[in-house]
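Examining the three-dimensional arrangement
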Amino acid sequence: MNLTHLNQSGEAHMVDVTDKQVTEREARAEAFVTMAPETLALILGGQHHKGDVFATARIAGIMAAKKTADLIPLCHPLALTKVEVEIEPLAAQNRVHIRTLCKLSGKTGVEMEALTAASVAALTIYDMCKAVQKDMVIEQLRLVEKKGGKSGHFQLNAGTGENA
């Protein structure tokens, strides 16, 4: 397997995508934040003293996707055409499910943008709620699906967590 972010001398470099074809690209990612039932109830009841936690986390995720190249070394700056952050409370499990979607027409994929959006949305939920609970757990940050580009379609099998 070739590591594309290393040159022939083994030094890190940004991959040259000049000659790649522009294609439709899409990536989906997810993360979960597990918390005490009281913390989730506080958020869902609109009683959190910092305001709408989910709305703030959605905006943070969208902003983070747009800033991925500033955060992750060697990522190309991308002209995203769509960023979506969905946050679903799973009250029976005392957790929140964050799902992200990033799309564009371009020469390189948007996996890192989708993952960054999910990660920062989760971190924002933690940040806004840490005053009431410090032991929340952010977990299962992962790529769920990727479409477009030379490597084709990848989809995580929801039942096994493996490539479908």
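Rules of the game
- Residues numbered from 1 in each chain as written.
- Predicted model: local features only at pLDDT ≥ 70, side-chain atom pairs only at ≥ 80, totals over all residues.
- Heavy atoms only, no water.
- UniProt positions renumbered as here; feature names shortened; annotations may be inferred.
- Helix = DSSP H or I, 4+ residues; strand = E, 2+ residues; numbered from the N terminus.
- Phe/Tyr/Trp six-rings, centres within 6.5 Å; stacked < 30°, edge-to-face > 60°.
- Lys NZ or Arg CZ within 6 Å of the ring centre and 35° of its normal.
- Pairing = 2+ DSSP bridges.
- Expected span 1.5 Å × (residues − 1).
- Buried < 20%, exposed > 50% of the residue type's maximum accessible area, 1.4 Å probe, protein only.
- Arc of directions from axis to C-beta.
- Contact = heavy atoms within 4.5 Å.
- Polar contact = N/O pair within 3.5 Å; in protein donor to acceptor, adjacent residues only side chain to side chain.
- Core = buried A, V, L, I, M, F, W, Y, C linked by side-chain atoms within 4.5 Å.

It is worth spelling out the UniProt feature "active site" (unreviewed entry) in the protein at this point. Mapped onto the present numbering, the UniProt feature "active site" (unreviewed entry) falls on Asp127. Structurally, aspartate 127 is set in helix H4 (residues 111-129).

The full count for this structure, using the stated rule, is 0 aromatic pairs. One Lys or Arg, arginine 95, reaches over the ring of phenylalanine 32 and ends 3.9 Å from the middle of that ring.

To continue, consider the pairing of strand E4 (residues 137-147). Bridge count for strand E1 (residues 23-34) against E4 is 8 bridges, and the pairing is antiparallel. Directly across from alanine 27, in E4, lies its bridge partner lysine 146. With 2 bridges connecting them, E4 and strand E5 (residues 154-155) associate as antiparallel partners. Following the sheet pairing, lysine 146 is matched in E5 by phenylalanine 154. Linking E4 back to E5 in an antiparallel pair, the connection comprises 6 residues, with glycine 148 at a positive phi of about 95°.

With 14 residues, helix H2 (residues 53-66) extends 20 Å between its outermost C-alpha atoms, agreeing within 8% with the 20 Å of an ideal straight helix rising 1.5 Å per residue. Val53, Phe54, Ala57, Ala60, Gly61, Ala64 and Ala65 are the residues of H2 that are buried. The arc that holds the buried residues of H2, viewed along the axis, is 135°, so those residues lie on one side. Looking at the packing, one finds that the buried side of H2 touches helix H1 (37-44), helix H3 (68-71), strand E2 (82-90), strand E3 (95-106) and H4. Its side-chain oxygen 3.2 Å from the backbone nitrogen of phenylalanine 54, aspartate 52 forms the N-cap of H2.

If you look at the biggest cluster of nonpolar residues, it comprises 29 residues, and the most contacted ones within it are Met35, Phe54, Ile87, Val96, Ile98 and Ile125. Taken together, the elements giving at least two residues each to this core come down to E1, H1, H2, E2, E3 and H4. Top element by residues in this core is H4. It accounts for 9 residues.

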